[in-house]
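Chain by chain, the residues:
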Amino acid sequence: MGKRKIILLCLAVFLLAVYAFQIASSRKNTVRELTLSEDISTITLSCKENGEITLTKNADGWKVGKYTANESKASQIAEQIKSIKILDTVSSSANDASLYGLDEANVITVKAWAGEQLLRTMEIGKASVTGSQTYIRLDGEKAVGLASGSLAALFSSTAEQLRDNSIYSFASADIEKVVSRSSAGNFAVMRLPAASEDGAAEWALLTESGEIDTEQSVDSAKVASWVSSIAILNASDWTDESDTTPLDAQTTLEITAKGKTISVNIAAKGADDTYTTECSESPYRFKITQYAGGNLSKTLEELKAQ
């Protein structure tokens, strides 16, 4: 083979390598990282099934409508809006929207503001076949992109799912006293200053006048377990706010922790095995599970020393 042919062959191989590199580079560059530096103050989530849901952030945290929002869920939504990774463009046309779940019946429209400034508009479609990617359109674009993440599942949350269900939360070690009043009888227990030799909390039964009862006693281990079970309360559901019928409480608890006393009123167990409940820590009536209601409604007989 002549020298000229060798040079031409080497040049052809070199050009082919450059072309292959350019092709590979262009494919890599289809991934777009779209980030926002501004702090989001308002988010709207709109779809045919759930209507429009508004999340707003103030100094106290996120709210969904007039209610306190679940901070973790609301923050996750905000962070996802601020950072979107578009892996590829799957269609340049808006005519086949239903193919990607972007038609009017299925699309979830998300808008985010910083004050009065609209930062981002997203149209969320259905998940891809892998389930870990989602079809999306951004800021009025006709092109349909493929975004990283299960966005449809996140942004299809209902207002109820975004609401904070926490009613109160204490460290069980901070609870000093519990007073229970029910049709089964009234009683009060108090944590004693000194723990037992093994370090476990000691509890005493109180008389109606607030003195330590010397005739009856409670099992400290049982009381400690009970106190631990009622130290945190979450709503399982919220009742209809239009129902203003006074609650027929079967059990009333007063829990004192670090000098603060809260009250909990529990109605009889309903047909759905939940307990309608009121608490001084919430302006709204709510329901609790059968398990939580059973814990709050324990009687003295269940806590007495054998």
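Coordinates for the structure precede this section.
Reading guide: rules and limits
Residues numbered from 1 in each chain as written. Predicted model: local features only at pLDDT ≥ 70, side-chain atom pairs only at ≥ 80, totals over all residues. Heavy atoms only, no water. 1 Å grid on protein atoms, 1.4 Å probe; cavity = no way out; pocket = protein on both sides within 12 Å on 5 of 7 lines; lining within 4 Å. Points joined across faces, edges and corners; volume = space filled by probe spheres on them. Helix = DSSP H or I, 4+ residues; strand = E, 2+ residues; numbered from the N terminus. Nonpolar A, V, L, I, M, F, W, Y, C, P; charged D, E, K, R; others polar. Salt bridge = Lys/Arg side-chain N within 4 Å of Asp/Glu carboxyl O. Buried < 20%, exposed > 50% of the residue type's maximum accessible area, 1.4 Å probe, protein only. Pairing = 2+ DSSP bridges.

**Things to note about the layout of surface pockets**
In this structure, the largest pocket spans a volume of roughly 340 Å³. Around the largest pocket, the lining is made up of 18 residues, and of these Phe187, Ala188, Leu206, Thr207 and Glu208 lie nearest the centre. Breaking the lining of the largest pocket down by element, the ones donating at least two residues are β12 (175–182), β13 (185–191) and β17 (249–257). When residues in the lining of the largest pocket are grouped by element, the largest group, four residues, is from β12. Here the lining of the largest pocket is built from residues that sort into six nonpolar, seven polar and five charged.

**So, the pattern of salt bridges**
Tallied over the entire structure, the rule returns eleven salt bridges. For lysine 85, the salt bridge identified is with glutamate 33, shortest N-O distance 3.5 Å. Linking lysine 85 in strand β6 (residues 83–91) with glutamate 33 in strand β1 (residues 32–35), this pair joins segments that are 52 residues apart in sequence. Linking glutamate 281 and lysine 260 is a salt bridge whose minimum nitrogen-to-oxygen distance equals 3.0 Å. With glutamate 281 in the loop between β19 (275–279) and β20 (286–288) and lysine 260 in strand β18 (residues 260–269), this residue pair connects regions lying 21 residues apart in the sequence. On the accessibility criterion, glutamate 281 (33% relative accessible area) is partly exposed.

**Notes on the pairing of β18**
Two elements, β17 and β18, share eight bridges in a ladder whose sense is antiparallel. From the neighbouring strand, alanine 249 faces β18, where its bridge partner is alanine 267. Two elements, β18 and β19, share four bridges in a ladder whose sense is antiparallel. Note that in β19 the partner of asparagine 265 across the bridge is glutamate 278. Adjacent in sequence and paired antiparallel, β18 and β19 are bridged by five residues, among which aspartate 273 carries a positive phi angle near 65°.

**A word on unusual backbone geometry**
You will see that aspartate 139, though not glycine, has its phi angle at about 50°, which is positive. We classify aspartate 139 as partly exposed; its relative accessible area is 46%. Non-glycine residue aspartate 273 carries a positive phi angle of around 65°. With respect to the helices and strands, the residue aspartate 273 is situated in the loop between β18 and β19.

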